[in-house]
Amino acid sequence: DEDVERQALNNDGVDSKEKKTTTKIFLDPEGQFLRIWRMIFVVSCMMAVSVDPLFFYLPVVNEKNKCFVLDERLKVVAICLRTATDLIYVVNIILQFLCPYIDETASKLGRIKVVTDSWPIAKRYFLSRYFPIDILAILPLPQVLIPIIFSEIRGSESLHIRKLLNTVVLYQYVPRLIRISMFIRAANKHSRVVRVKAALNLFLYIMASHVLGAFWYFFSIERETTCWYKACEKNDTACTPNSFNCHDHVHSSGNYTFMNDYCPVETKDGTMPIDFGIYRDAIKSGIVASRNFRKKILYCSWWGLRNLSSFGQNLQTSTNVWENSFATFISIFGLLLFLYFIGNVQTYMQLITERTEEIIQKMKSKERDIELWISRNGLNDDIKREIMANIRQVLEHNIDVDAKNPLPHLPAELTREIKCHLCLPLLKKVPMLETESERLLQSLCDSLKPVYYNERSYIVREGEPIDAMLFITQGIVCNFGTSTVRGDVSISLSSECLERGHFFGEELLDWGFRGSPTPNRANLSDLPISTKTFKTHTKVEAFALMANDLRTQISWWQTQSKAASTLQAAWRRFRVKKNSDMSTHLAIRRPN
């Protein structure tokens, strides 16, 4: 059922006998495979958003030698993870060319048309907004450009080249974010589960902190290397322009101790030739020189979370243009996230309020229906209070209650009392049960089941077996027989209408009392046949004494009666024998 098979005949002017049938298999756009794949793709997008910032943690500073190296172990892990997510993206792009789609124009007209032709499918994907996003997302820019940014680019022009490459890497991150935003928007639109929406918002906040922390780490190293370049330009006699790569032989042959005075984080007299601004903590804490990835990512993510939460109010920036731009972005982005979450919280509160009001209204409506049912059946106030107390408890647990039949939701003792109140007087009206004991009537009353019939529906037709005896509590039932007149033409003979307090199907009692003492469902084939047709005139509420329940109860009482008769006979024999023995004993002791 997952694939849609489409057969097309090749009509290239050949004879009909030579026509070949070709079968093309397409994916079902609403099938289970694509639903599972969409979930896998969304998870891969989230992983990609989490993986891409790892590339910004690759450079590690060597403060002693004033150079940096790339963390090779982290580099391999990041490239492998990114390659895995890119492969999933590639597979998703291929599936877009194989997956049919439902024509929206036909859907508006009330018809379902699945487009399976290859060219319309491909054209639709090419012209959609997803195609350029997917292509930009799979470009391996972080894998390629991050090593180039920190490669052996020498001279003052390397600063401008690095800024350009940084910008390219940052913009390549945008398609991933667009995909995530599309997913979150769709989830918020279709999901009515508050917990799911809250989890998505929490993920968005944590991911934003992770990304900002990675940028902060990366820009801190950029800022420090910029300081090295400027120091090298001012001391060209002691410094040769190089890439400051620890593996660069040009750098390894130089002496750069003078940079400790030009690029210090803090000095003894409190003056700083270079103000590192918001990157000072990263350089001073030594996090840029640490190879402990867990320590590094947690510290940077905490920095991002702290400044997002405070809208960047605690950021002490320098006069650097790019640094101030980054700080401004943090403030604006933090404010937008806050407004987004406040809006969602307001939406969630409104949704919860609506659901609560809906539940309350539903409960009130159910209570009114139950009260109407109680009033129709003439139950007293004590029973009414017990019913409503139990029904409220059930409704508070979000359990639906059928207002026509609240008995299944009530305690057994209360249900028994209600049946006794409604049906016991009706059972006493049955001629065959007038002389029966109160206990038998109560037992039959416990076996009654509530039944409901819609207006103008047949309960039993003439000639059909009677499998239940009905006691009407609400509504009108009409019965009529048929008579053959002039051959095969049948006419209906109107009889009577049965209302509340009436019953029919008493033929079943005779069947029950003459049956075998052992109840057996297989013996229901000898049920009495109805001589009339019973049809509802209005909606009818009644209690039904089913054939098998009747046979079971009567058989049980017959067994008990036999046992009681046997016990009574034995007791009478015992009393007679005891009296006889006492008479004999007295005769022996009587003096002559």
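Here the structure is a predicted model, which is why all the values come from computation and not from measurement.

Caption draft 1: Focus on the nonpolar core. Residues Y217 and F326 are the most contacted members of the largest nonpolar core, which totals 53 residues. Elements supplying a minimum of two residues to this core: β3 (59-62), β4 (67-70), α2 (72-98), α9 (194-234), α11 (259-262), α12 (280-284), α13 (293-309) and α14 (321-376). The biggest single contributor to this core is α9, with 17 residues. When residues no more than four places from it in sequence are discounted, the contact partners of Y217 are F56, Y57, P59, V60, I287, V288, K296 and C300. Grouped together as the second largest cluster of nonpolar side chains are 42 residues, M363, V401, L407 and L433 included.

Caption draft 2: Structural detail: the packing of aromatic side chains. Tallied over the entire structure, the rule returns 16 aromatic pairs. Their ring planes at 70° and their centres at 5.6 Å tell us that F311 and F338 sit as a pair that is edge-to-face. Taken together, the residues span a long stretch of sequence, with F311 in the loop between α13 and α14 and F338 in helix α14 at a distance of 27 residues. Taking relative accessible area as the criterion, F311 reaches 23% and is therefore assigned partly exposed. Exposure remark for F338: the relative accessible area of 40% places this residue in the partly exposed category. Grouped by ring-pair contacts, the aromatic residues F56, F215, F218, F219 and F326 constitute a single cluster. The ring of W511 has R551 sitting right over it, with the charged end atom 3.8 Å from the ring centre.

Caption draft 3: Here's a closer look at the UniProt feature "transmembrane region" (unreviewed entry) in the chain. In the numbering used here, UniProt assigns the "transmembrane region" (unreviewed entry) feature to residues 36-58, 199-219 and 326-345. Secondary structure over residues 199-219 splits into 100% helix and 0% strand, and the C-alpha atoms at its two ends are 30 Å apart. Counting secondary structure, residues 326-345 comes out at 100% helix and 0% strand; the distance between its end C-alpha atoms is 28 Å.

Caption draft 4: Region of interest: the side chain of Q474. Among the secondary structure elements, Q474 is positioned in strand β9 (residues 468-474). Overall, Q474 belongs to the buried group, its relative accessible area being 15%. Within polar-contact distance, the side chain of Q474 engages the backbone oxygen of R376 at 2.7 Å. If we skip the residues at most four places from it in the chain, Q474 touches R376, N377, R500, K539, V540 and E541.

Caption draft 5: Geometry of the sheet that holds β9. The strand order β7-β14-β9-β12 describes an open sheet built from 4 strands, whose pairing is antiparallel. Lying at the two open borders of the sheet, with one neighbouring strand each, are β7 (449-453) and β12 (503-504). Pairing analysis gives 6 bridges linking β9 to strand β14 (residues 540-546), with the strands arranged antiparallel. Bridge assignment links F471 to a residue of β14, and that residue is F543.

Caption draft 6: Broad picture of empty space enclosed by the protein. Under the criterion given, the structure shown has 2 cavities of 30 Å³ or more. Estimates place the volume of the largest cavity at around 40 Å³. Contributions of two or more residues to the lining of the largest cavity are made by β7 and β14. Residue composition of the lining of the largest cavity, by class: 6 nonpolar, 2 polar and 2 charged.

Caption draft 7: Fine view of a nonpolar patch on the surface. A contiguous nonpolar surface patch, about 550 Å² in accessible area, is contributed by I332, L335, L336, F338, L339 and I342. Turning to its location among the elements, L339 is positioned in helix α14. For L339, a relative accessible area of 49% puts it in the partly exposed group.

Caption draft 8: The arrangement of α2 in detail. Across its 27 residues, α2 extends 39 Å between first and last C-alpha, which sits within 8% of the 39 Å expected from 1.5 Å per residue. Taken together, the buried positions of α2 are L74, A78, R82, T85, D86, Y89, N92, I93 and L95. For α2, the side-chain oxygen to backbone nitrogen distance between the N-cap and R73 is 3.3 Å, and the N-cap itself is D71.

Caption draft 9: Expanded view of the pattern of salt bridges. Across all of its chains, the model carries 9 salt bridges by this definition. With a shortest N-O distance of 3.6 Å, E438 and K428 are connected by a salt bridge. Here E438 is found in helix α17 (residues 438-447), whereas its partner K428 is found in helix α16 (residues 412-429), with 10 residues between them in sequence. Residue classification places E438 among the partly exposed residues on the basis of a relative accessible area of 44%.

Caption draft 10: Summary view of the side chain of E541. Mapped onto the elements, E541 comes out in strand β14. Setting aside residues no more than four positions away along its own chain, E541 makes contact with W373, R376, N377, V451, Y452, I472, T473 and Q474.

Caption draft 11: How the structure looks around unusual backbone geometry. The backbone of F311 shows a phi angle near 60°, a positive value even though the residue is not glycine. Backbone geometry at R456 places phi at a positive 55°, although glycine is not the residue there. Position of R456 among the secondary structure elements: in the loop between β7 and β8 (458-460). Residue classification places R456 among the exposed positions, given a relative accessible area of 52%.

Calculation rules
Residues numbered from 1 in each chain as written. Predicted model: local features only at pLDDT ≥ 70, side-chain atom pairs only at ≥ 80, totals over all residues. Heavy atoms only, no water. Core = buried A, V, L, I, M, F, W, Y, C linked by side-chain atoms within 4.5 Å. Buried < 20%, exposed > 50% of the residue type's maximum accessible area, 1.4 Å probe, protein only. Helix = DSSP H or I, 4+ residues; strand = E, 2+ residues; numbered from the N terminus. Contact = heavy atoms within 4.5 Å. Phe/Tyr/Trp six-rings, centres within 6.5 Å; stacked < 30°, edge-to-face > 60°. Lys NZ or Arg CZ within 6 Å of the ring centre and 35° of its normal. UniProt positions renumbered as here; feature names shortened; annotations may be inferred. Polar contact = N/O pair within 3.5 Å; in protein donor to acceptor, adjacent residues only side chain to side chain. Pairing = 2+ DSSP bridges. 1 Å grid on protein atoms, 1.4 Å probe; cavity = no way out; pocket = protein on both sides within 12 Å on 5 of 7 lines; lining within 4 Å. Points joined across faces, edges and corners; volume = space filled by probe spheres on them. Nonpolar A, V, L, I, M, F, W, Y, C, P; charged D, E, K, R; others polar. Patch = residues over 30% accessible without salt bridge, like charges linked within 9 Å, V, L, I, M, F, W, Y side chains within 5 Å. Areas by Shrake-Rupley, 256 points an atom, 1.4 Å probe, with all protein chains shown as cover. Salt bridge = Lys/Arg side-chain N within 4 Å of Asp/Glu carboxyl O. Expected span 1.5 Å × (residues − 1).

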